[in-house]
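Coordinate inspection notes
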Amino acid sequence: METTPFNEELLDSHLLVDVRSPLEYREDHIPGAINVPLLDNDERVEIGILHKEAGPYAARRRGLELTAHRFPEMVRQIADSATGRPILVYCWRGGLRSKTVTSILDLAGLKAVQLIGGYKSYRHVVGDYFNPYLPKTPLVVLHGMTGIGKTTLLQRLKERGNSVLDLEGLACHRGSAFGQLGLNQDLTQKRFESLLWDACRKAPAGRPLILEGESERIGRVSLPGDFYQKMAQGIRVWCHASLETRVRRLIEEYGLPEYKEEMGVALQRIRKKLGGKRCEELAENLERWEMEAFMTGLVCDYYDKVYYKNRTWEAEFDLDMEDFDRAAEELEEVLAARLAQ
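Residues numbered from 1 in each chain as written. Predicted model: local features only at pLDDT ≥ 70, side-chain atom pairs only at ≥ 80, totals over all residues. Heavy atoms only, no water.

1. Observations regarding the sheet that holds strand β12 (residues 317–320)
Applied cut-off: By definition, two strands form a pair when at least two bridges between them are found by DSSP. Per the convention used, a helix needs a DSSP run of H or I reaching at least four residues, while a strand needs a run of E reaching at least two, with both numbered from the N terminus. Axis lines are fitted through C-alpha atoms, for helices just across the contact stretch, and the angle between N-to-C directions can take any value from 0 to 180 degrees.
The strand order β7-β8-β6-β11-β12 describes an open sheet built from 5 strands, whose pairing is parallel. Strands with a single pairing partner mark the edges of an open sheet, and in this sheet they are β7 (163–165) and β12. Averaged over all adjacent pairs, the angle separating strand axes in this sheet is 30 degrees, with direction ignored. Strand direction decides the pairing type here: strand β6 (residues 139–144) and strand β11 (residues 235–240), joined by 5 bridges, are parallel.

Here you go:
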C-alpha cells in the first residue's frame, strides 16, 4: 500500500477522501476533501470505548462487523467522485481508518494512497504557514469608517480581475456589533484557518492581494499567527465617503424587515457604549422603522466613536468611495504606479 506525506499540490492533483466521522469532518477538513466516513459519529465513540476497555483486538473486530457491509458502496462513491484522478485517503493521524479504506480501494483496482500523519499533518502545515505569515505579494489593506462599502469595493475589484481576500466572507461575519445579521457564523476556528490558508495559497504571486482592515477577532474567530501584524505592515488605504452615503449604504445592507428583531438584540448589546437614554431613542426609531434616523444615530453615536478612534498611523493614500467603479479604477492606477517604482 502506497503512502505519502502532505503536500499542497496534492489538493490539485488528487481526489481527497476524508474517512473520519461526519462530526470530525464538519469541524474542519482539508480543502476540497469529500467525506466518506468509515464510522459514523456514534460508532466512533463505541469503538473508542471498546478499545479502552477491551483492547485493540476487540475494537478491530467490532469495527469490521460495523463497516464490512459498506465497503462496496464506499468504493462506488469514491470511484464516481474521483473521475479518473488518483485518490488520497486520510483520517485523524494516518491510522487504521485510512489504512483500511486505502487497502479496500487498492483491492478494487483504484489508485489510492494513504496520507502519512493524516489530518494532523495537514494542520501542522497550516499552523506553520501563519507562524510567521510570509505574504507572496504585497498586502493592500482597505480601512475606513463603517458604511463606507469596503466589501462592495472588494467585489468590484475582483470582478475587474484583481486579487482580493474577503476575510468577512470567509468568517461569515461582518466584524461589527451588527455583523452577524442575516449570517450564521457556525464555522470553527480551525475551519476558518483552513479557508484562509486555501485562499492565500491560491492568490497569484504576481499581483498585490487586496483585503479589508479587520480586528484580530472577526465575530468568534481570530486571525491566525501573525496575520494581523502583517496586515498592519501592508499598504494602507484610507477610504472615505459622506455621512449621507454611508447611512444610505447601511440601510441598503441592513434595513430589511426580517433583520428587525436581530437589530433590536444587537442594539441592546451596545447599550453601555451608547448610554441608556440614547439606546432607548434608537430602539424607538427601530420600532417605528425610521431607518435613516436609526442608522445615522448608530454611525454618529457608536461606530464613529468606537472604530478608528485612536488611529496611530497614516494611510499611504486616501480613496474617495462615493462611486465604487471610480474608486476601483483609482486604486488600480495608484497601485500600478507604486509597484512599478
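2. Describing helix α17 (residues 324–340)
Heads up, the rule is: A helix is expected to reach a length of 1.5 Å times the quantity of its residues less one. Exposure classes here rest on a 1.4 Å probe applied to the protein chains alone. A residue is buried below 20% of its type maximum, exposed above 50%, and partly exposed in between. For this quantity, the arc is that covered by the directions from the helix axis to the C-beta atoms. Under the rule applied, a polar contact is a pair of N or O atoms within 3.5 Å (in protein, one hydrogen donor and one hydrogen acceptor; residues adjacent in sequence only if both atoms are side-chain atoms).
If you check α17, its first and last C-alpha atoms are 24 Å apart, about what 17 residues at 1.5 Å a residue would give, namely 24 Å. Residues F324, A327, A328, L331 and L335 constitute the buried set of α17. Along the axis of α17, the buried residues cluster in a sector spanning 100 degrees; they form a single face. Structural note: α17 exposes R326, E333 and A340 on the side pointing more than 90 degrees away from its buried face. N-capping of α17 is provided by D323, with a side-chain oxygen placed 3.1 Å from the backbone N of D325.

3. Regarding the packing of helix α5 (residues 71–82) against helix α6 (residues 96–107)
How two helices sit against one another is set out by the angle between their axes and by the gap between those axes. In plain terms, the rule: Any angle that falls under 35 degrees is termed roughly parallel, while one over 145 is termed roughly antiparallel, one within 65 to 115 roughly perpendicular, and all others oblique. Only heavy atoms enter the contact rule, under which two residues are in contact if any of them lie within 4.5 Å. Note on residue categories: nonpolar means Ala, Val, Leu, Ile, Met, Phe, Trp, Tyr, Cys or Pro, charged means Asp, Glu, Lys or Arg, and polar means any other residue, Gly included.
Running from N to C, α5 and α6 cross one another at 75 degrees; their axes reach a closest spacing of 10 Å. What the angle tells us is that α5 and α6 run roughly perpendicular. Note on element contacts: α6 touches α5 through T100, V101, I104 and L105, opposite F71, M74, V75 and I78. By residue class, the composition of the contact of α5 with α6 is 7 nonpolar, 1 polar and no charged.

4. Re the pattern of salt bridges
Note that side chains of opposite charge can pair when their charged atoms are close. Put simply, the rule is: Between Lys or Arg on one side and Asp or Glu on the other, a salt bridge is scored when a side-chain nitrogen of the former is within 4 Å of a carboxyl oxygen of the latter.
If you walk through the whole model with that rule in mind, you get 29 salt bridges. Between R70 and E43 there is a salt bridge, with the nearest N and O atoms lying 2.5 Å from each other. Of the two residues, R70 sits in the loop between α4 (56–67) and α5 while E43 sits in helix α3 (residues 41–54), which places them 27 residues apart along the sequence. On the basis of relative accessibility, which here comes to 22%, the residue R70 falls in the partly exposed class. Of the residues examined, E43 reaches a relative accessible area of 9% and is grouped as buried. The shortest N-O distance in the salt bridge between D301 and R278 comes to 2.6 Å. One end of the pair, D301, is in helix α16 (residues 291–306); the other, R278, is in helix α15 (residues 276–287), and 23 residues separate them in sequence. Owing to a relative accessible area of 23%, D301 belongs among the partly exposed residues under this scheme.

5. A look at a negative patch on the surface
Short version of the rule: Excluding any residue in a salt bridge, patches collect residues exceeding 30% relative accessible area, merging like charges within 9 Å and nonpolar Val, Leu, Ile, Met, Phe, Trp and Tyr side chains within 5 Å. We get accessible surface area from the Shrake-Rupley algorithm with a probe of 1.4 Å; when it comes to residues, only the shown protein chains can shield them. Positive charge is attributed to Lys and Arg, negative charge to Asp and Glu, and no charge count is given to His or to the chain ends. Charge placement uses NZ in Lys and CZ in Arg. For Asp and Glu, CG and CD serve respectively.
On the surface, a cluster of negative charge is contributed by E244, E292, D320, E322, E329, E330 and E333. For the negative patch, the leading source of residues is α17, giving 3 residues. Relative to the elements of secondary structure, E329 occurs in helix α17. Using a relative accessible area of 41% as the deciding quantity, one classes E329 as partly exposed.

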